[in-house]
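The residues making up each chain are set out below.
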Amino acid sequence: KMHKPNIFKYATKELSQDAFIFWLLDHANPEYEEVDNKIRGVAYNLLRKFFELEGINFPEKIIKVELVKQYKNIDILCHVNNQYTILIEDKTRTTAHGDQLIRYKEIIQNDFYNNKIIAIFFKTYDQSNYESIENDGYKVLNRIDFLKNLNSVDGVCNEIFNEYLDYLTEIEKSVRAFSTTSINKWNEPALKGLPWEGLFQLFRKELSSGDWGYVPNQNGGFMGYWWAFQENETCWQYLQLEECK
């Protein structure tokens, strides 16, 4: 539960999250090395994580960080030392559509062919699986990864930073509330139905199959989980679990 107003409770769009990521990564720029060493440490750790996910050695020294927004509709570009280009596709509740990710990566490979490319799918809410994302050549950085990054340096005293950390922590607590909160409270405003996502994640982990997601319909839609697919000569059959309301 939030004990004070939090700007990110209202600034929930992906552009707001883009702005926070820009702001955080900009602290890695040498020109800001005297501004806030702790946030700078978090920024360095996030860059290091991107390199680690791609299996590329992190530079011994950061000489230059150049950030570009909405380059040919790509959310975030981060050029490091004029040698590496990090493409970040930033998502909150939505996911990739069509050949969007492939097109973006091809653009960067063509426009910055001298650089090593790191393609990151940055997701702070959950989705059923990331198989198609990984097949498109992206490494996934999810909410848990980002929370680990934000908590990687103790004692950050910055209101923007700490409000975003509180906001993301509340999302994680709401998702995990399926194990501690009565099911009849899961759809209340405080939890926003997120415990269903936590429960369905557990199902997928235990069953090693199935998918979950939101199904819109005229009655207001529902969260559902589907598994045990089989086909005969007339149709597909499967098991389905729906949220109760």
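Before any of the text, the structure's been laid out above.
Bear in mind the structure is a predicted one, so any value in this text is a computation, not a measurement.

Visitor: Describe the sheet that holds strand 1 (residues 65–71), listing the residues and the values that go with them.
Guide: Spatially, 1-2-3-4-5 is the arrangement adopted by the 5 strands of the open sheet, whose pairing is mixed. In the strand order of this sheet, the two ends are held by strand 1 and strand 5 (139–141), each with one partner. Between one strand axis and the next, the sheet turns by 25° as a mean value, whatever way the strands run. With 3 bridges joining them, strand 4 (residues 116–123) and strand 5 adopt parallel strand pairing. In the strand pairing of strand 5, phenylalanine 121 is matched with valine 140. Of the strands in this sheet, strand 1, strand 2 (74–80), strand 3 (84–91), strand 4 and strand 5 touch helix 3 (residues 37–54), which is tilted by about 110° from strand 4.

Visitor: Give a description of the sheet that holds strand 6 (residues 211–215) that names residues and reports values.
Guide: With antiparallel pairing, 3 strands are arranged side by side in an open sheet as 6-7-8. Where the open sheet ends on each side, the last strands, each with one partner, are strand 6 and strand 8 (236–242). On average, each strand axis in the sheet is inclined to that of its neighbour by 35°, with strand direction left out of account. In this structure, strand 6 lies alongside strand 7 (residues 222–231), joined through 5 bridges in antiparallel fashion. The residue of strand 7 that forms the bridge with aspartate 211 is tryptophan 226.

Visitor: Go over the packing of helix 7 (residues 159–176) against helix 8 (residues 194–207) with me, naming the residues and quoting the values.
Guide: It is at 6 Å that the axes of helix 7 and helix 8 come closest, and there the two elements cross at 65°. Regarding helix 7 and helix 8, the two cross each other, and that crossing is right-handed. Residues Ile171, Ser174, Val175 and Arg176 of helix 7 form the contact with helix 8, whose participating residues are Leu194, Pro195, Glu197, Gly198 and Gln201. For the contact of helix 7 with helix 8, the per-class residue count stands at 4 nonpolar, 3 polar and 2 charged.

Visitor: Please provide a residue-by-residue account of the layout of surface pockets, values included.
Guide: Computed from the structure, the second largest pocket encloses a volume of approximately 300 Å³. Surrounding the second largest pocket, 17 residues form its lining, Arg93, Glu197, Trp212, Tyr214 and Met223 being those nearest its centre. Counting residues per element, the lining of the second largest pocket draws most heavily on strand 6, which supplies 3 residues. Looking at the lining of the second largest pocket residue by residue, the classes come out as 4 nonpolar, 7 polar and 6 charged.

Visitor: Explain empty space enclosed by the protein residue by residue, including any values.
Guide: It is a probe the size of a water molecule, rolled over the atoms, that shows where empty space is left. Counting across every chain of the model gives 1 cavity of 30 Å³ or more. As for the largest cavity, its lining consists of Phe8, Ala11, Thr12, Lys13, Ser16, Gln17, Thr92, Tyr164 and Tyr167. Taken together, the residues of the lining of the largest cavity sort by class into 4 nonpolar, 4 polar and 1 charged.

Visitor: Could you give me a rundown of the pattern of salt bridges, with the residues and numbers involved?
Guide: Pairs can form between side chains of opposite charge whenever their charged atoms are close. Inspection of every chain in the model, using the stated rule, returns 10 salt bridges. For glutamate 52, the salt bridge goes to lysine 49, with nearest N and O atoms at 3.5 Å. Of the two residues, glutamate 52 and lysine 49 are both situated in helix 3; the distance of 3 residues between them amounts to about one turn of the helix. With relative accessibility at 52%, the residue glutamate 52 sits in the exposed group. Classification of lysine 49 as partly exposed rests on a relative accessible area of 25%. The partner of lysine 91 in a salt bridge is glutamate 89, with the nearest N and O atoms 3.3 Å apart. Take lysine 91 and glutamate 89: they sit in the same class, and that class is buried. One network of salt bridges, in which partners are shared, links Asp126, Arg143, Glu172 and Arg176.

So, how was this worked out
Sequence order sets the numbering: in each chain, residues are counted from 1 along the sequence as written. Only residues with pLDDT of at least 70 get local features here, since the model is predicted, and only at 80 or more are side-chain atom pairs given and counted; chain-wide, interface and lining totals rely on the full set of residues. With hydrogens and water set aside, each side-chain value is computed from the structure's full complement of heavy atoms. Any two strands with at least two DSSP-identified bridges between them are counted as paired. Only DSSP runs of H or I covering at least 4 residues are called helices, and only runs of E covering at least 2 are called strands; the numbering of each starts at the N terminus. Orientation is described by axes fitted as lines to C-alpha atoms, over the contacting stretch for helices, and by angles from 0 to 180 degrees between their N-to-C directions. Contacts are residue-level and defined by heavy atoms, with any inter-residue pair within 4.5 Å sufficient. By the definition used in this description, the sense in which the near helix is turned from the far one sets the handedness, with an anticlockwise turn below a right angle giving left-handed and a clockwise turn giving right-handed. Following the grouping adopted for this structure description, the nonpolar residues are Ala, Val, Leu, Ile, Met, Phe, Trp, Tyr, Cys and Pro, the charged ones are Asp, Glu, Lys and Arg, and the polar ones are all others, Gly among them. Cavities and pockets are found on a 1 Å grid laid over the protein atoms alone: a cavity is a set of points where a 1.4 Å probe fits but cannot escape, a pocket is an open set with protein on both sides within 12 Å along at least five of seven lines, and a lining residue has an atom within 4 Å of such a point. Grid points are joined across faces, edges and corners, and a volume is the space filled by probe spheres set on the points. Whenever a carboxyl oxygen of Asp or Glu lies within 4 Å of a side-chain nitrogen of Lys or Arg, that contact is scored as a salt bridge. Only protein chains enter the accessibility calculation, which uses a 1.4 Å probe; a residue is then buried when its area is under 20% of its type maximum, exposed when over 50%, and partly exposed in between.

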